[in-house]
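Secondary and tertiary structure notes
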Amino acid sequence: MEVFLAQPRGFCAGVVRAIEIVERALDKYGPPVYVRHEIVHNKYVVESLKKKGAIFVEDLSEVPPKAVTVFSAHGVARSVEEEAAARDLPVLNATCPLVTKVHNQGKRYISKGRTLILIGHAGHPEVEGTMGQVPGPVTLVQSVEDVAELALPTDTPVAYITQTTLSVDDTKDIIAALQVKFTDIQGPDIRDICYATQNRQSAVRDLSKLVDVILVVGAANSSNSNRLREIGTEVGVASYLIADGRELNPDWLKDAKVVGITAGASAPEVLVDDVIEALRRIGPVTVSVLPGREENIEFRLPAELTAG
């Protein structure tokens, strides 16, 4: 069996930074370190950090007084920041810098008196954090149909921002519908869309032209991993989302000569290796990496963790 690995795949710079913040905090302050929400959406990552002494909570009320607290890569609402400050919790903010950029864009649009529209998935922690960061009402749209139902006059000054785990391709139809509906509309430059989301989706499209089956390594609650599987399916290739090699179903591979593997932005490479090993247990495998875009982006860590 021939196996092609998509390039790029797996960890993005925001995820690398978030995980490193927790690991460095554990080294510097000693366990336990409390993390609000899963640091990234991947069970393997969360479990490995738990073993090192991280404790994951969904609410700050679960954090004891004075305990070192980390905000996840998805970002949090201002109310969460304010609660942490009121309780004097030492906070390390692992919010992805690209998510923070979206927050700042939203604040800027609101300050100019524009009605703000957020393109994203209801209930996703990043969306909840963004809506809670912007000091004004935010209207969430998830589809072109949602745009049609917006009860705003066409000359309303509006602006839109997007969830970072959605790519240019994911949002273009919704943005086009907004631009048709409103005569006075602003939005971020296309280059402001998360590079990692777009790159991984483009790589899956390239992969889909060469393979019979696509395996996406990632968590069921990972938005960007689910989207990679959807893209494979949309272009007509049988595509499956699996957490690791244990979830590989040999029946998927019955007629497959070439298998493609990619991984969501929060899935570590060790899980890709695990899936390859599961394939090897079925039969002989040759593995090659497709050419793709090199990612050299690194985000700075909080100053508290880099000081001597």
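Reading the values: the criteria
- Residues numbered from 1 in each chain as written.
- Predicted model: local features only at pLDDT ≥ 70, side-chain atom pairs only at ≥ 80, totals over all residues.
- Heavy atoms only, no water.
- Axes fitted to C-alpha atoms, helices over the stretch in contact; angles between N-to-C directions.
- Helix = DSSP H or I, 4+ residues; strand = E, 2+ residues; numbered from the N terminus.
- Parallel < 35°, antiparallel > 145°, perpendicular 65-115°, else oblique.
- Left-handed = near helix turned anticlockwise from the far one by under 90°.
- Contact = heavy atoms within 4.5 Å.
- Patch = residues over 30% accessible without salt bridge, like charges linked within 9 Å, V, L, I, M, F, W, Y side chains within 5 Å.
- Areas by Shrake-Rupley, 256 points an atom, 1.4 Å probe, with all protein chains shown as cover.
- Salt bridge = Lys/Arg side-chain N within 4 Å of Asp/Glu carboxyl O.
- Lys, Arg positive; Asp, Glu negative; His and termini not counted.
- Charge placed at Lys NZ, Arg CZ, Asp CG, Glu CD.
- Phe/Tyr/Trp six-rings, centres within 6.5 Å; stacked < 30°, edge-to-face > 60°.
- Lys NZ or Arg CZ within 6 Å of the ring centre and 35° of its normal.
- Buried < 20%, exposed > 50% of the residue type's maximum accessible area, 1.4 Å probe, protein only.
- Pairing = 2+ DSSP bridges.

**A closer look at the packing of helix H8 (residues 195-208) against helix H9 (residues 223-234)**
Where H8 contacts H9, the axes come no closer than 9 Å and their chain directions differ by 30°. It follows from the interaxial angle that H8 and H9 lie roughly parallel. As H8 runs across H9, the sense of the crossing is right-handed. On H9, the residues touching Arg200, Gln201, Val204 and Arg205 of H8 are Arg227, Leu228, Ile231 and Gly232.

**Some points on a negative patch on the surface**
There is a patch of like negative charges on the surface, built from Glu58, Asp59, Glu62 and Glu83. On the secondary structure map, glutamate 83 appears in helix H3 (residues 78-86).

**Describing the packing of aromatic side chains**
Taken as a whole and assessed by the stated rule, the structure comprises one aromatic pair. Between tyrosine 240 and tryptophan 252, the ring centres sit 4.0 Å apart and the planes meet at 5°, which makes this aromatic pair stacked. Taken together, the positions of tyrosine 240 in strand E11 (residues 238-242) and tryptophan 252 in the loop between E11 and strand E12 (258-263) put the pair 12 residues apart, joining distant regions of the chain. The lysine or arginine in question, arginine 108, covers the ring of tyrosine 109, its NZ or CZ lying 6.0 Å from the ring centre.

**Here's the deal with the environment of glycine 292**
Examined against the element boundaries, glycine 292 turns out to sit in the loop between strand E13 (286-289) and helix H11 (303-306). Residue glycine 292 is classed as partly exposed on the basis of its relative accessible area, which comes to 37%. Sequence separation between glycine 292 and serine 202 is 90 residues, and the spatial gap between their C-alpha atoms is 9.1 Å.

**A word on the sheet that holds strand E10 (residues 213-217)**
With parallel pairing, the five strands of this open sheet are ordered in space as E11-E10-E12-E1-E13. A single partner strand is all that each edge strand has here, and the edge strands are E11 and E13. Going from strand to strand, the sheet's axes swing by 25° on average, the running direction of each strand aside. The pairing of strand E1 (residues 2-5) with E12 spans four bridges and is classified as parallel. Counted as the bridge partner of valine 3 is valine 259 from E12.

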